[in-house]
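Each chain, letter by letter, is given below.
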Amino acid sequence: MMKRTLLIAAAVLGLSAPAIASEGSTPPQLKWSFSGPFGKFDEAQLQRGFKVYREVCSSCHSLNYVAFRNLAQPGGPGFSEAQVRALAAEYKVQDGPNEAGDMFERAGRPADHFPAPFPNENAAAAANGGKAPPDLSLMPKARTYERGFPWFIFDIFTQFAETGPDYVVAVLNGYHEAPAGFSVPAGGHYNTSFPGNVIAMPKPLSDGQVEYPKGPDGKSPVPETVDQYARDVTAFLMWTAEPHLDARKRIGFQVMLFLLVLSGLLYFTKKKIWARVEH
Amino acid sequence: MSQHSSTYVPKSAFGKWFESRLPIASLIHSSFIAYPVPRNINYFWTFGAILSFMLASQILTGVFLAMYYTPHASLAFQSVEHIMRDVNFGWLIRYMHANGASMFFVAVYIHIFRGIYYGSYKAPREILWILGVIIYGLMMATAFMGYVLPWGQMSFWGATVITNILAAIPVIGDTIQSLLWGGYSVGNPTLNRFFSIHYLLPFMIAGVVVLHVWALHVPGQNNPTGVPIKSDKDWVPFTPFATIKDLFATAVFMLVFAWFIFYIPNYMGHADNYVPANPSVTPAHIVPEWYFLPFYAILRAIPDKLGGVIAMFASIAVLAFLPWLDTSKVRSTSYRPLYKQFFWILVADTLLLGWLGAKPPEGWYVIVSQIATAYYFIHFLVILPLLGFIERPLPLPNSILESVLGQKGGAGLPSGANAEPQSKG
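Values in this document were obtained by computation on a predicted structure and should not be read as measured data. (Residues numbered from 1 in each chain as written. Chains lettered and ligands numbered in written order. Predicted model: local features only at pLDDT ≥ 70, side-chain atom pairs only at ≥ 80, totals over all residues. Heavy atoms only, no water.)

A. Summary view of the overall build of chain A. Scanning chain A for helices and strands turns up nine helices and four strands. Taking 2.2 N^0.38 as the reference for a compact globule, 279 residues should give roughly 19 Å; the C-alpha atoms of chain A span a radius of gyration of 24 Å, well beyond that estimate. Over its C-alpha atoms, taken along the principal directions, chain A stretches across nearly 80 × 60 × 50 Å. In chain A, the share of contacts with a sequence separation of at least 24, taken over all contacts with a separation of at least 6, comes to 60%. Here chain A displays about 14100 Å² of accessible surface, and carbon together with sulfur accounts for 59% of that area. Once the 27 positive and 27 negative side-chain charges of chain A are each reduced to a mean point, those two points are 12 Å apart. (Helix = DSSP H or I, 4+ residues; strand = E, 2+ residues; numbered from the N terminus. Rg over C-alpha atoms; globule rule 2.2 N^0.38 Å. Contact = heavy atoms within 4.5 Å. Areas by Shrake-Rupley, 256 points an atom, 1.4 Å probe, with all protein chains shown as cover. Lys, Arg positive; Asp, Glu negative; His and termini not counted. Charge placed at Lys NZ, Arg CZ, Asp CG, Glu CD.)

B. Structural context of the pattern of salt bridges. Residues and elements named next belong to chain A. Per the counting criterion, the structure on display carries 18 salt bridges over all chains. One salt bridge connects glutamate 90 with arginine 54, and the closest N-O pair in it is separated by 2.4 Å. One end of the pair, glutamate 90, is in the loop between α3 (81-89) and β1 (92-95); the other, arginine 54, is in helix α2 (residues 43-55), and 36 residues separate them in sequence. Here the salt bridges do not stand alone but share partners, grouping Asp95, Arg106, Arg109 and Asp112 into one network. (Salt bridge = Lys/Arg side-chain N within 4 Å of Asp/Glu carboxyl O.)

C. Expanded view of the interface of chain A and chain B. Between chain A and chain B, the residue contacts involve 64 residues of the former and 69 residues of the latter. With both chains or domains summed, chain A and chain B bury close to 6200 Å², and 71% of this area falls on carbon and sulfur atoms. For the pair chain A and chain B, the number of links is two salt bridges. Between B:Lys359 and A:Glu146 there is a salt bridge whose closest N-O contact spans 2.9 Å. On the surface where chain A and chain B come into contact, there are 12 residue pairs in polar contact (both at pLDDT 80 or more). Of all elements in the fold, only α1 (2-13), α5 (139-142), α6 (151-158), α8 (226-241) and α9 (245-274) of chain A reach the threshold of two or more residues within the side of chain A that touches chain B. (Buried area = accessible area lost by both parts, 1.4 Å probe. Polar contact = N/O pair within 3.5 Å; in protein donor to acceptor, adjacent residues only side chain to side chain.)

D. Quick look at the packing of helix α3 (residues 47-66) of chain B against helix α9 (residues 188-217) of chain B. All names here are of chain B. At their nearest, the axes of α3 and α9 sit 11 Å apart, and the two run at 155° to each other. With respect to each other, α3 and α9 are oriented roughly antiparallel. For α3 against α9, the interelement crossing comes out left-handed. Together, Leu55, Ile59, Val63 and Ala66 of α3 and Phe195, Tyr199, Pro202, Phe203, Ile205, Ala206 and Val209 of α9 make up the contact between the two elements. Within the contact of α3 with α9, the residues separate by chemical class into 11 nonpolar, no polar and no charged. (Axes fitted to C-alpha atoms, helices over the stretch in contact; angles between N-to-C directions. Parallel < 35°, antiparallel > 145°, perpendicular 65-115°, else oblique. Left-handed = near helix turned anticlockwise from the far one by under 90°. Nonpolar A, V, L, I, M, F, W, Y, C, P; charged D, E, K, R; others polar.)

E. Region of the structure containing the environment of A:Asp112. Residue and element names in this part refer to chain A. In this fold, aspartate 112 is placed in the loop between β2 (104-107) and α4 (121-127). Put simply, aspartate 112 and valine 93 are 19 residues apart on the chain and 7.9 Å apart in space, counted from C-alpha to C-alpha. Residues in contact with aspartate 112, not counting those within four places in the same chain, are Ala67, Phe68, Val93, Arg106 and Ala107. Side-chain polar atoms of aspartate 112 contact the side chain of arginine 106, separated by 2.9 Å.

F. Local environment of the UniProt feature "domain: Cytochrome b/b6 C-terminal region profile" (unreviewed entry) in chain B. UniProt marks residues 228-398 of chain B with the feature "domain: Cytochrome b/b6 C-terminal region profile" (unreviewed entry), using the numbering shown here. With 60% helix and 2% strand, residues 228-398 of chain B has its two end C-alpha atoms placed 10 Å apart. (UniProt positions renumbered as here; feature names shortened; annotations may be inferred.)

G. Molecular detail of the packing of helix α6 (residues 126-148) of chain B against helix α12 (residues 305-320) of chain B. All names here are of chain B. Their axes nearest at 8 Å, the elements α6 and α12 cross at an angle of 155°. Here α12 runs roughly antiparallel to α6, going by the angle between their axes. Contact residues: Trp129, Ile130, Val133, Tyr136 and Met140 in α6; Ile316, Leu319 and Ala320 in α12. Classifying every residue of the contact of α6 with α12 gives eight nonpolar, no polar and no charged.

H. A look at the environment of A:Pro165. All names here are of chain A. Within the secondary structure layout, proline 165 lies in helix α7 (residues 163-172). Considering only alpha carbons, one finds proline 165 and leucine 30, 135 residues apart in sequence, at a separation of 8.6 Å. Setting aside residues up to four positions removed in sequence, proline 165 forms contacts with Trp32, Phe34, Pro140, Thr234 and Met238.

I. Summary view of the packing of aromatic side chains. Tallied over the full model, the rule gives 56 aromatic pairs over all chains. Aromatic side chains B:Trp355 and B:Tyr365 sit 5.9 Å apart centroid to centroid with 80° between the ring planes, which places their arrangement in the edge-to-face category. Residue B:Trp355 is located in helix α14 (residues 337-357), and its partner B:Tyr365 is located in helix α15 (residues 364-390); the two are separated by 10 residues in the primary sequence. On the basis of relative accessibility, which here comes to 25%, the residue B:Trp355 falls in the partly exposed class. Overall, B:Tyr365 belongs to the buried group, its relative accessible area being 18%. Ring geometry for B:Trp364 versus B:Tyr365: centroids 4.8 Å apart, planes at 40°, classification tilted. Taken together, the ring pairs connect A:Phe50, A:Tyr53, A:Phe68, A:Phe79, A:Tyr91, A:Phe114, A:Phe236 and A:Trp239 into an aromatic cluster. Here the basic side chain of A:Arg48 rests over the ring of A:Tyr212, its NZ or CZ set 5.6 Å away from the ring centre. Across the ring face of B:Trp45, the terminal group of B:Arg114 is positioned such that the distance to the ring centre comes to 4.7 Å. (Phe/Tyr/Trp six-rings, centres within 6.5 Å; stacked < 30°, edge-to-face > 60°. Buried < 20%, exposed > 50% of the residue type's maximum accessible area, 1.4 Å probe, protein only. Lys NZ or Arg CZ within 6 Å of the ring centre and 35° of its normal.)

J. Summary view of the nonpolar core. Ranked by size, the top nonpolar core spans 141 residues in total, and within it B:Phe105, B:Tyr109, B:Tyr136, B:Tyr376 and B:Phe380 carry the most contacts. Element by element, the count of residues in this core is highest for helix α10 (residues 238-263) of chain B, at 16 residues. Within the second largest apolar cluster, 45 residues are counted, among which are A:Phe50, A:Phe114, A:Val210 and A:Leu237. (Core = buried A, V, L, I, M, F, W, Y, C linked by side-chain atoms within 4.5 Å.)

Put into structure tokens, the structure is as follows:
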């Protein structure tokens, strides 16, 4: 009976298919360090991704929900408090009003959020061909593609929850020459993975653009390619979107273990109590 | 069952003193300890306890969320992110609440279909059933308003679509709509109203749940045979028998719940709701939460706006008339070979409608939606009333005890379950 209950539950749950229009090609499924029940963020990858964000994305995209101090919190890129203080100090932050009633600029502090590249949405739109570049804090959670039947049912059991990151990488990798006969409107750029295949953002990344920290052999341990940059910056943005993912999965495992033992004990108690009653 | 309500005898002097002034201890005793439970009920009967647990969980997590949430159009989204990032275990409380809503509906759908399968709505349980339909309606209103609160894109546009359909109601539609909006479109006053009502309705649900349990305890629980309790051999006392079974089932349900909270917390939601509400950008597809999808499909299946609204409300309201639409004298579908097939067709039809609700209303999706909607109503309004006259039910067992022993191959008479309940286990 319980089995049937769960089957029905699974069937009912299956109805929550995300329905997002996606005329773009289906993004390939990538390996992520943070996928699955024991997934965690890779500190080195988050640090590389942060470097990509800082040197490339941040000139147009804000990261409004992230504070400098977050970079030092557990389950993140693993910067030290001192590093974060030094990093924050490199930014100019507007503060005030002071006693004279004036706004003033000061060096950033760990408690400050990342300053946005534009003072407001209109300024951002005006500087970017009429459309403001979206805030990136939640990007991998705010984008997805349609999994379709029956995959969305399997995803419950496989815990596949990385449609967002896969999509973001696919878009960053999706800049190609438009096929013959496809007319790209002015201010647009051809992208195989973006819905409608025309994206306002120009190709942001190119090979060798961001210098990664060198290993002991004087070379970067990972290739300095568009694909690697895309994966790294997406992992970083997944962390900004879900900063407590590590803790969530760690606590989740403890909770599951506890509930399994509890269910087991309750099951045998129930069996014993009902043992002498035909039912 | 009044004959079982007087078994409680207070032992202490204080107990006696209290009992003579407010007999709440004996009420609890008769409702949750001595209360007779049919000995043959299966695990589908544990969903009442699971639903009580979910209601408590939703109210508790909701109260904590409200301590940090800001119901303002320009701050709501940010305050939810504040909960997710800065509040200690805020992510856990919010994921519990968001996924809890879905699990609440999973449980209630199993509970409702259990009631339909075993004929739990038939006399003398009509009021019990109607109270359940009222709870279900309140749950839907609560869930809808709750989904609006994070003020993401799907919150805003879902609220816009659903409040717009109310305008189709003749004469009073516009008034209802502007009262809900608090203006001339979905905006900050709407968010404030929805937050207030979202906080109010769960307590109304709790109130109706009390009535629901009360109405259950007068005729007693139905059971898989549908045959009422006839002798003392048919039942076992609620405690420890039902108590431990409910606890076990709730723990297993919590395992499923935890799976969603900790591993796929955004599976039930929409990616679009992590984009702040923007009245000037419409999402590609506006889709309600999964538990509304069958009704959303019915709404869109009717080409006329008012017709769609009527069909949608009727599809829920028809449930309240089930006790009178079903003309069969036999409660349990186990003894109704013909109806059993139609029951599973109805389940499939509802799932199909749910799938269609997530699809854009175009092409053959529309035609299939119309067929599935028509079948939904035909099931309740034509098939169900006629079957009672046509169908020849299987022979019913004379008693619950007989059905239990029949299943086990008639192996000897068991020691009476309740003859000496204290010595069990």
